[in-house]
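# An overview of the molecular structure
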Amino acid sequence: MLKILITRFKQGCRTIPFPRGKAPVLPVRYRGRPIIAGQSSNADLGKITFIPDSDINYSNDYRMAVSRRADLIPGGSEYAMAHVLKIEISKIFGRSLKLRQVSAGGCNACEADINVLNTPVFDLSRFGIQFVASPRHADGIVVTGPITRNMRTALIKTYEAMPDPKIVIAVGSCAISGGIFAGSPESSEGLDTIIPVDLYIPGCPPHPLTTLDGLLRLMGRLK
């Protein structure tokens, strides 16, 4: 035990200083907010699966979460990032937020990058944000996956089990638009066709910093 403690002490603090201090340094190959040119300028970022495309380049900007579905179709205008909840709700959730994660048929990529937020590197709990086991203990739900037909009822029951006021967060292209499964009778065309959504976090999957940035903006902890 003593050796473990000494080793841990030598390692120092592993948590990134985000959002304070210098901007996070991301890998060169990281694909951030898409830069869309030509005929694709009105492309829907909620449908992009981050695969190579001749009309799409990727910036190193991880800030992609938005509050309105329409903002994911920028059309060349300034990108409108997520904003704080209504004042009366933000007073409740501003310093503490309990979330229930619902995997509605996802491939586990979005789920894996959400789980990373609980590691020492990101330390989600330092912001007062925690994942809970029961929707009855939650302030909101984080939904991933295309919401398959078999998961639709479970999702709705989870949403209804949460006390009011409650928030809904769609993470990943599948949850936002159906992703590569859009048009299939076995999946939805987006979470907001089933229940109201307060935060959209695009990506395939979104980087943990993209999700964390969106959550903090939603809570009014980051502007």
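All figures in this text were calculated on a predicted structure; none of them were measured in a lab. (Residues numbered from 1 in each chain as written. Predicted model: local features only at pLDDT ≥ 70, side-chain atom pairs only at ≥ 80, totals over all residues. Heavy atoms only, no water.)

## A look at the environment of Ala182
As a reminder, the rule being used: Segments assigned H or I by DSSP are reported as helices when at least four residues long, segments assigned E as strands when at least two residues long, and all are numbered from the N terminus. Note on contacts: a residue pair qualifies if any of its non-hydrogen atoms lie within 4.5 Å across the two residues.
As for its position among the elements, Ala182 is in the loop between helix H5 (173-177) and strand S7 (199-201). Sequence separation between Ala182 and Pro165 is 17 residues, and the spatial gap between their C-alpha atoms is 30 Å. Among residues more than four places away in sequence, those in contact with Ala182 are Ser177 and Glu189.

## Description of the side chain of Asp213
Note on placement: Asp213 falls in helix H6 (residues 208-219). Ignoring any residue separated from it by four or fewer positions in sequence, one finds Asp213 in contact with Phe18, Tyr62, Arg63 and Leu222.

## A look at the pattern of salt bridges
The cut-off we apply is this: Here, a salt bridge means any side-chain nitrogen of Lys or Arg that lies within 4 Å of a carboxyl oxygen of Asp or Glu. Only protein chains enter the accessibility calculation, which uses a 1.4 Å probe; a residue is then buried when its area is under 20% of its type maximum, exposed when over 50%, and partly exposed in between.
Taken as a whole and judged by the stated rule, the model has 7 salt bridges. Among the ionic pairs, Asp164 bridges to Lys166, the shortest N-O distance being 3.7 Å. Judged by relative accessible area, which is 64%, Asp164 ranks as exposed. For Asp213, the salt bridge is made with Arg217, and the minimal N-O distance between the two is 2.8 Å. In this pair, Asp213 and Arg217 both sit in helix H6, 4 residues apart, roughly one turn of the helix.

## Quick notes on H6
Definition in use: Expected span of a helix: the number of residues minus one, times 1.5 Å.
For H6, spanning 12 residues, the distance from its first C-alpha to its last is 17 Å, which sits close to the expected 16 Å at 1.5 Å a residue. Within H6, 12 of the 12 residues are buried, leaving the element largely enclosed by the surrounding structure. Residue Gly220 follows H6 closely and has a positive phi angle near 80°.

## With respect to the sheet that holds strand S6 (residues 167-171)
The cut-off we apply is this: Here the rule is simple: two strands pair whenever DSSP picks up at least two bridges between them. Angles here are taken between N-to-C directions and fall from 0 to 180 degrees, while the axes themselves are lines fitted to C-alpha atoms, restricted in helices to the stretch in contact.
If you walk across this open sheet you meet the 5 strands as S4-S3-S5-S6-S7, and the pairing is parallel. Edge strands, defined here as strands with exactly one partner in the open sheet, are strand S4 (129-131) and S7. Strand after strand, the sheet turns through a mean of 25° between neighbouring axes, direction not considered. In this sheet, S4 lies alongside strand S3 (residues 97-103) in parallel orientation, the contact comprising 3 bridges. Bridged to Leu97 within S4 is Ile129. Sheet contacts for helix H4 (residues 149-161): S3, strand S5 (140-144) and S6; angle to S3, the most-contacted strand, approximately 170°. Those strands touched by H6 are S3, S4, S6 and S7, and its axis lies near 165° from that of S7.

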